Amino acid sequence: MSKSLMKAVNSVVGQKLELHEIEKPSPGPAQVLIRVHAAGVNRPDLIQRAGRYPPPAGAPETLGLEVAGVVEAVGDGVTRWKTGDRVCALVPGGGYAECALAHEGSTMPIPEPLSFIEAAGLPETVLTVWNNVFHMSQLKPGETLLIHGG
């Protein structure tokens, strides 16, 4: 049985960014496979490219931490997403590729007026703020939040 390949951008520090072929991933439990239409570029990507921000253990070697596209496949236990859904997601790496794996909890629908390109810049900011404000700090209705910059 032959492996399915896809194009991805290399992430070797000190080398020119170029497309190459790698094995296309398959979603595991609680993961979605997203056909990438656009990928965000942010500071962690640049620091990782410079070799000063190692990817988390088990993350793809390909750069890219946020993507927007269409769900191509879902792993076992995924209930929120189905094939064909337009989504954006925060990923541990692998966003600069034709397809990327995302955890279903780090994936969100693309707001209606936004294009894939616009939506690709959302996940790092939105999911980081959501995690910090509502998950870690447990902000509740009626409480006040002071934001010093935005």
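Keep in mind that this is a model prediction, so the values were computed, not measured.

**Q** What is the right way to read the sheet that holds strand S3 (residues 31–39) from this model?
**A** What links the strands of a sheet is backbone hydrogen bonding, and the strands pair in either a parallel or an antiparallel sense. The strand order S6-S3-S4-S5-S7 describes an open sheet built from 5 strands, whose pairing is antiparallel. The open sheet terminates on both sides in strands that have one partner only, identified here as strand S6 (99–103) and strand S7 (107–109). The average angle at which neighbouring strand axes cross in this sheet is 45°, direction not considered. Packed on one face of the sheet, helix H3 (residues 123–136) meets strand S4 (66–74), strand S5 (86–90) and S7 and runs near 65° to S5.

**Q** What is the right way to read the pattern of salt bridges from this model?
**A** Once their charged atoms are close, side chains differing in charge can pair, the charge on each being opposite to the other. Evaluation of the coordinates by the stated rule reveals 5 salt bridges. Salt-bridge contacts for Lys 3 lead to Glu 23; the nearest nitrogen and oxygen are separated by 3.8 Å. Of this pair, Lys 3 sits in the segment before strand S1 (5–9) while Glu 23 sits in strand S2 (residues 19–23), and the two are 20 residues apart along the sequence. In this structure Lys 3 comes out as exposed when scored by relative accessible area, which is 57%. Residue Glu 23 is classed as partly exposed on the basis of its relative accessible area, which comes to 47%.

**Q** Looking at this structure, I do not really get unusual backbone geometry. What am I missing?
**A** Leaving glycine out, the prevailing phi sign among residues is negative, and the prevailing peptide bond configuration is trans. With phi around 65°, Ala 30 is a residue other than glycine that occupies positive phi space. Mapped onto the secondary structure, Ala 30 falls in the loop between S2 and S3. Here Gln 138, not a glycine, exhibits a phi torsion of approximately 55°, which is positive. As for its position among the elements, Gln 138 is in the segment after H3.

**Q** Just to check I follow, could you spell out the environment of Ser 137 for this structure?
**A** Tracing the chain through its elements places Ser 137 in the segment after H3. Given a relative accessible area of 54%, Ser 137 falls into the exposed group. There is a polar contact of 2.9 Å between the side chain of Ser 137 and the backbone oxygen of Asn 132.

**Q** Whenever I open this one, the packing of aromatic side chains confuses me. Can you help?
**A** Two aromatic rings, taken as a pair, are described by how far apart their centres are and by the angle between their planes. For the structure on display, the rule yields 1 aromatic pair. Their ring planes at 40° and their centres at 4.3 Å tell us that Trp 130 and Phe 134 sit as a pair that is tilted. Here the residue Trp 130 and the residue Phe 134 both occupy positions in helix H3, the gap between them amounting to 4 residues, near one helical turn. Its end group placed over the ring of Phe 116, Arg 86 keeps NZ or CZ at 4.6 Å from the ring centre.

**Q** Looking at this structure, I do not really get the nonpolar core. What am I missing?
**A** Nonpolar side chains in soluble globular proteins tend to be buried together. Among the nonpolar cores identified, the biggest contains 12 residues, and these are Val 32, Ile 34, Val 36, Val 67, Val 71, Val 78, Trp 81, Val 87, Ala 89, Val 91, Ala 100 and Ala 102. Taken together, the elements giving at least two residues each to this core come down to S3, S4, S5 and S6. The dominant element in this core, judged by the number of residues it contributes, is S3, at 3 residues. Discounting residues that sit within four places of it in the chain, Ala 100 has contacts with Val 32, Leu 33, Ile 34, Val 36, Val 67, Gly 94 and Gly 95. Within the second largest apolar cluster, 9 residues are counted, among which are Ala 68, Cys 88, Ile 110 and Leu 127.

Rules and cut-offs
- Residues numbered from 1 in each chain as written.
- Predicted model: local features only at pLDDT ≥ 70, side-chain atom pairs only at ≥ 80, totals over all residues.
- Heavy atoms only, no water.
- Pairing = 2+ DSSP bridges.
- Helix = DSSP H or I, 4+ residues; strand = E, 2+ residues; numbered from the N terminus.
- Axes fitted to C-alpha atoms, helices over the stretch in contact; angles between N-to-C directions.
- Contact = heavy atoms within 4.5 Å.
- Salt bridge = Lys/Arg side-chain N within 4 Å of Asp/Glu carboxyl O.
- Buried < 20%, exposed > 50% of the residue type's maximum accessible area, 1.4 Å probe, protein only.
- Polar contact = N/O pair within 3.5 Å; in protein donor to acceptor, adjacent residues only side chain to side chain.
- Phe/Tyr/Trp six-rings, centres within 6.5 Å; stacked < 30°, edge-to-face > 60°.
- Lys NZ or Arg CZ within 6 Å of the ring centre and 35° of its normal.
- Core = buried A, V, L, I, M, F, W, Y, C linked by side-chain atoms within 4.5 Å.

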